[in-house]
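Structural overview
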Amino acid sequence: MAADLLRLFRLATLAALLSVAACATTSTPPPGPKVSRLEIEGTKQVSEGDIKDHILTAATPWWGFWPFGGPHYFDPNAWQADLRRIERFYQAQGYYQAEVVDSQVNPKGKDSVALQVAVNEGEPTHIAGIQLNGLESLPEAHRLEHHERVKSILPYKEGDIFREGPWEESKTRVQEQLRELGYAEAEVSGEVQVDVDTRQAQVRLTVKPGPRYRFGNTFVATDANPQVPPRRIIEQVQGALKKGDWYSETALAEAQARVFRMGVFGAVKVNRGAPDRETATVPIVVDVREAPFRSVRLGGGIGVDAARQEVRVLGEWTHRNFLGGLRRVTVRGRAGYAFIPNIVSPTKQGPVFEVTGEYEQPRFLFRDVRHQTSITLEKGLEQAYDFYGGKLQTGIIWQPHRSFSIFPSYNLQIYQLNGRVTADSRVPPVILGCGDTGQTGCEVSLSFLELAFTWDRRNDPVAPRDGYYISLSVQKGGGLLLGDFNYVRLMPDLRFYRSFGEDKRLVLAGKARMGTLNPAGNSQSSIVTRFFSGGATSMRGFNGQRLSPLAALAKVEDVNGTPVPVQTSEWDTVPIGGNSLFETSLELRYQISTSLMLAGFWDSGLVGVEGFDSRASPRLFGPEHYHAVGLGLRYLTVVGPIRLDVARRLNIGRGLPVDNPVYIYPTSGGCFGIGRKWKADGPTARGATFAGAPDGQCALQLSIGEAF
């Protein structure tokens, strides 16, 4: 028995070795020759690219290597089917007489072919008439109004070329419009009669609207022992719809969003129940499942540019029903280690951290109002200063609509500033906004009221493709609120997004942001309230915070233990912020695969010493308004795109403002340290050097999340 088992084991081993050897010595032959080129001639009214998107055969692109994919091979059966698909695609676009008049498969070398197709498009078929049947059964009081509203949403009109896509879409649109008007059981069907000879189409839609309904009672289905009272759920539903309102599916979607925004449910579904024809009402059924009320999240990240490098860990603990009543308590923290300007040759380095505790009380006085208070402790390193600080913010958030919120708050911020740049260099306290204290730093306190408005209509806040975003922040500090600074600070922000194509691969995005800081009586402003630009989320032609008025610090040498300024060497500069800000961005993004996106962008930015209320304020599109163009690559993930952007600043304008009038500007900025030139007798005037000097003319940004 043992001998038989041993023999069987040897045979199995030999078979396995032979199988491996066979796999190692043979390879699968390619399925056919590569397609080197595919041309479609005769396309005038229909895009050649659209046709190629709707057939299987494709030419091998020049970038056809990993990770984008391998070569495309020729399959004769698929090619014959594609010729029929081309004619069918034309028919769907309204060209029923279109035909493929010639097709060629031309060998190119031993292992590739070039494909050529010639089409005759013919004349298009136009819509000769549109009939809407069944609307005569609508209630007489609303018949004319509802008929016009239904007809207005049709994606075509008489005289248009008949296309099958809009035709199929029109039935869905009409049904959705009728249900928005209260006809919860509306059904729509239709037919099209196409006369190929006369090239005319008769479109007929048949509507069965059914009764018009109002919303009835609300019912809640939840867990067996819910911690959230059903009345609180019903209260949120009533913020979007009320019993007796005309039925609307938009109202149902808004009710579902309001319940989900309560933040304590893992699943939410708001549906209509079975309509009651006798009472002409539709009940609302809310189905929810509670999520765990406590959660912990951990993560980490890095920040890299030429002006700052940082590694950090992140953590967050949340209790969503603290002491009942859906009170939310959140503790979030960030701890890291920063190197300025870089890890190789830092001028300063050290730990940084931020810890925030936040308390939120929903339904504060009213249903759509919640109270929020947060306390933050932090330690940070900036290029011009280090700081310890604490912040208190308390206010109420009124959110009458899921897209709109108003947040008035009181804020108290206290900072201990230290103007250390290197072991031997300090930024004068007066530049930090401390006044002439004679010390290396100071303690400042800000006490201000802030009113923030937000209108967010983006389809996705992480990776938006459509919609817009508008916000406005107004701060008033000092005066009766005390604090060390009396000022007004305004910052509006506008962004828009528009996608193109059926698959929405192409996105056009734009941003405009403006800010002005107006200290009372022409007094000094604090560096912690000033504006900075440059970096991954602002003007990408500069590194982090480098678009700013600068303080110049002469480099020093140690002479017998005493630091002595050296005038024959290039000086250090650190950003100290300004009282005015203007930024714009225009970006074109194209998704080339499921995980990769390319982007081209134009950024502009301005940070001026004076606010826009001053006669000495910088001019928009003047010599202190800088511009940059660049390219970016995004790797799409569930937490947002990992983004790499490279920008080149245009030589439009003059150098950045430096507080020292004898500062010597470099004569050439170069890119990434290459081509940079500086002379001891170089220019001291901003107009005698390149735009954005002394910073180099190129910048590289690596970050997570879109720029805006």
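Residues numbered from 1 in each chain as written. Predicted model: local features only at pLDDT ≥ 70, side-chain atom pairs only at ≥ 80, totals over all residues. Heavy atoms only, no water.

Whether parallel or antiparallel, the strands of a sheet pair through hydrogen bonds between backbone atoms. On the basis of which strands lie adjacent, the open sheet formed by 3 strands has the order β4-β6-β5 and mixed pairing. Single-partner strands in this sheet number two, and they are β4 (126-133) and β5 (187-195). For this sheet, the mean angle separating the axes of adjacent strands, direction not counted, is 15°. Note: β5 against strand β6 (residues 200-208), 9 bridges, orientation antiparallel. Paired with Gly 190 across the two strands is Leu 205, which belongs to β6. Running at roughly 150° to β5, helix α5 (residues 164-180) makes contact with β5 and β6 of the sheet. (Pairing = 2+ DSSP bridges. Helix = DSSP H or I, 4+ residues; strand = E, 2+ residues; numbered from the N terminus. Axes fitted to C-alpha atoms, helices over the stretch in contact; angles between N-to-C directions. Contact = heavy atoms within 4.5 Å.)

Let's shift gears to the layout of surface pockets. Of the volumes computed, that of the second largest pocket is approximately 1,200 Å³. Taken together, 33 residues make up the lining of the second largest pocket; nearest its centre are Lys 52, Asp 53, His 54, Asp 503 and Tyr 590. At the level of elements, α2 (48-53), α3 (76-92), α5 and β25 (580-591) are the ones that each hand at least two residues to the lining of the second largest pocket. Taken together, the residues of the lining of the second largest pocket break down into 15 nonpolar, 10 polar and 8 charged. (1 Å grid on protein atoms, 1.4 Å probe; cavity = no way out; pocket = protein on both sides within 12 Å on 5 of 7 lines; lining within 4 Å. Points joined across faces, edges and corners; volume = space filled by probe spheres on them. Nonpolar A, V, L, I, M, F, W, Y, C, P; charged D, E, K, R; others polar.)

This brings us to the packing of aromatic side chains. Following the criterion strictly, the structure yields 11 aromatic pairs and no others. Ring geometry for Phe 542 against Tyr 626: centres 5.7 Å apart, planes inclined by 65°, an arrangement best described as edge-to-face. Here Phe 542, found in the loop between β20 (506-519) and β21 (550-553), pairs with Tyr 626, found in strand β27 (residues 626-635); they are 84 residues apart in sequence, far enough to count as distant. The residues Phe 542 and Tyr 626 share a single accessibility class, namely buried. Grouped by ring-pair contacts, the aromatic residues Tyr 385, Phe 387 and Tyr 415 constitute a single cluster. (Phe/Tyr/Trp six-rings, centres within 6.5 Å; stacked < 30°, edge-to-face > 60°. Buried < 20%, exposed > 50% of the residue type's maximum accessible area, 1.4 Å probe, protein only.)

Our next topic: the sheet that holds strand β8 (residues 265-272). As summarised here, the arrangement of the 3 strands in space is β7-β9-β8, forming an open sheet in which the pairing is mixed. Of all the strands in the sheet, the pair left with one neighbour each is β7 (214-221) and β8. The mean inter-strand angle of the sheet, taken between neighbouring strand axes irrespective of direction, is 15°. The pairing of β8 with strand β9 (residues 281-290) spans 7 bridges and is antiparallel. Pairing of Ala 267 across the sheet is with Arg 289, part of β9. Each of β7, β8 and β9 is contacted by helix α6 (residues 230-237), which is oriented at about 150° to β7, the strand it contacts most. Its contacts with the sheet place helix α7 (residues 249-260) against β7, β8 and β9, and it is angled at close to 160° to β8.

Our focus in this paragraph is the packing of α6 against α7. Packing of α6 against α7 leaves a shortest axis separation of 8 Å and a crossing angle of 135°. One element, α6, and the other, α7, form an angle in the oblique class. Both α6 and α7 take part in a crossing whose hand is right-handed. Contact with α6, carried on its side by Ile 233, Gln 236 and Val 237, involves Ala 255, Arg 258 and Val 259 of α7 and no other residues of that element. (Parallel < 35°, antiparallel > 145°, perpendicular 65-115°, else oblique. Left-handed = near helix turned anticlockwise from the far one by under 90°.)

With 42 residues, the main nonpolar core has Leu 417, Val 427 and Ile 527 as its most contacted residues. Of all elements in the fold, only β16 (404-418), α8 (429-432), β17 (441-456), β19 (487-500), β21 and β27 reach the threshold of two or more residues within this core. In this view, Ile 527 contacts Ala 384, Tyr 385, Leu 417, Leu 432, Phe 532 and Ile 576; residues no more than four positions away in its chain are not counted. Counting 23 residues, the second-largest nonpolar core is a separate cluster that includes Leu 252, Val 259, Val 282 and Val 288. (Core = buried A, V, L, I, M, F, W, Y, C linked by side-chain atoms within 4.5 Å.)

With that out of the way, let us pick up unusual backbone geometry. Cis peptide bonds are those with omega within 30 degrees of zero, and the linkage from Ile 340 to Pro 341 qualifies with -5°. Locating Pro 341 in the fold gives a position in the loop between β12 (328-340) and β13 (348-361). Each neighbour pair has its own omega, and for Ala 693 with Pro 694 the value is 15°, a cis peptide bond. Mapped onto the secondary structure, Pro 694 falls in the loop between β28 (642-649) and β29 (698-704). In the Ramachandran plot, Arg 363 falls in the positive-phi region, its phi being about 45° despite a non-glycine side chain. Examined against the element boundaries, Arg 363 turns out to sit in the loop between β13 and β14 (369-381). Accessibility expressed as a relative area gives 38% for Arg 363, which makes it partly exposed. One non-glycine residue with positive phi stands out, namely Lys 504, at about 55°. As for its placement among the helices and strands, Lys 504 is situated in the loop between β19 and β20. Using a relative accessible area of 40% as the deciding quantity, one classes Lys 504 as partly exposed.

This next bit is on the environment of Lys 110. If you trace the backbone, Lys 110 turns up in the loop between β2 (99-107) and β3 (112-120). Between the C-alpha atoms of Lys 110 and Lys 269, which are 159 residues apart in sequence, the distance is 59 Å.

The next subject is the pattern of salt bridges. The final tally for this structure, using the stated rule, is 45 salt bridges. We note a salt bridge from Asp 82 to Arg 85, for which the minimum N-O separation is 2.6 Å. One end of the pair is Asp 82 and the other is Arg 85, both in helix α3 and 3 residues apart, which spans about a single turn. Residue Arg 85 is classed as partly exposed on the basis of its relative accessible area of 33%. Through salt bridges that share partners, Arg 540, Glu 587, Arg 589, Asp 603, Arg 634, Arg 643, Asp 645 and Glu 706 make up one connected network. (Salt bridge = Lys/Arg side-chain N within 4 Å of Asp/Glu carboxyl O.)

Now for the environment of Phe 532. Tracing the sequence through the fold places Phe 532 in the loop between β20 and β21. Placed 100 residues apart in sequence, Phe 532 and Gly 632 show a C-alpha to C-alpha distance of 22 Å. Excluding residues within four positions of it along the chain, Phe 532 makes contact with Ile 527, Gln 545, Leu 547, Ser 548, Pro 575, Ile 576, Gly 577, Leu 581, Glu 583 and Val 607.

Honestly, it's all geometry; don't read function into it.
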